[in-house]
Amino acid sequence: MPDNPLNSDPKIVSGAVCVGLLAIILQENYLKDVVEKLNINKNSKILVISTEGDTYPDNYRKIILE
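Definitions and cut-offs
Residues numbered from 1 in each chain as written. Predicted model: local features only at pLDDT ≥ 70, side-chain atom pairs only at ≥ 80, totals over all residues. Heavy atoms only, no water. Helix = DSSP H or I, 4+ residues; strand = E, 2+ residues; numbered from the N terminus. Contact = heavy atoms within 4.5 Å. Areas by Shrake-Rupley, 256 points an atom, 1.4 Å probe, with all protein chains shown as cover. Patch = residues over 30% accessible without salt bridge, like charges linked within 9 Å, V, L, I, M, F, W, Y side chains within 5 Å. Salt bridge = Lys/Arg side-chain N within 4 Å of Asp/Glu carboxyl O. Buried < 20%, exposed > 50% of the residue type's maximum accessible area, 1.4 Å probe, protein only. pLDDT = per-residue confidence, 0-100.

Enquirer: I'm lost on the overall build of the protein chain in this one. Help?
Expert: The secondary structure content of the protein chain amounts to 3 helices and 0 strands. Ordered by position from the N terminus, the helices and strands of the protein chain form the series α-α-α. Relative to all contacts within the protein chain whose residues are 6 or more apart in sequence, the contacts with residues 24 or more apart total 72%. Carbon and sulfur atoms provide 55% of the accessible area of the protein chain, an area that totals close to 6,100 Å².

Enquirer: Quick question: what am I supposed to make of a nonpolar patch on the surface here?
Expert: Where nonpolar side chains cluster on the molecular surface, the patch consists of Val19, Ile46 and Val48 and spans about 220 Å² of accessible area. With respect to the element layout, Ile46 can be found in the loop between helix H2 (32-37) and helix H3 (57-65). On the accessibility criterion, Ile46 (41% relative accessible area) is partly exposed.

Enquirer: Would you mind showing me how to read unusual backbone geometry here?
Expert: Notably, Asn39 is not glycine yet its phi reads approximately 55 degrees, a positive angle. Topologically, Asn39 is positioned in the loop between H2 and H3.

Enquirer: What am I meant to see in the confidence of the model for the protein chain here?
Expert: Interpreting fine coordinate detail is not advised for predicted regions of low pLDDT. Here the protein chain averages 82 in pLDDT, while 83% of its residues score no lower than 70. The spread of mean pLDDT over the elements of the protein chain runs between H3, the lowest at 75, and H2, the highest at 97.

In structure tokens:
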């Protein structure tokens, strides 16, 4: 069974939808207009607030460790 987190990495129990959405916006060419409208560039600082968490610890562990 894999370690979660790996080695000495800190454990973060949170949803990743907002980070995933940001990654898609920044990586996909067809979303360049969104990046421009939001004025995102290499100097941008973006605060991501995750409101999801380990609400169902048993299901979380089952999904992560499968």
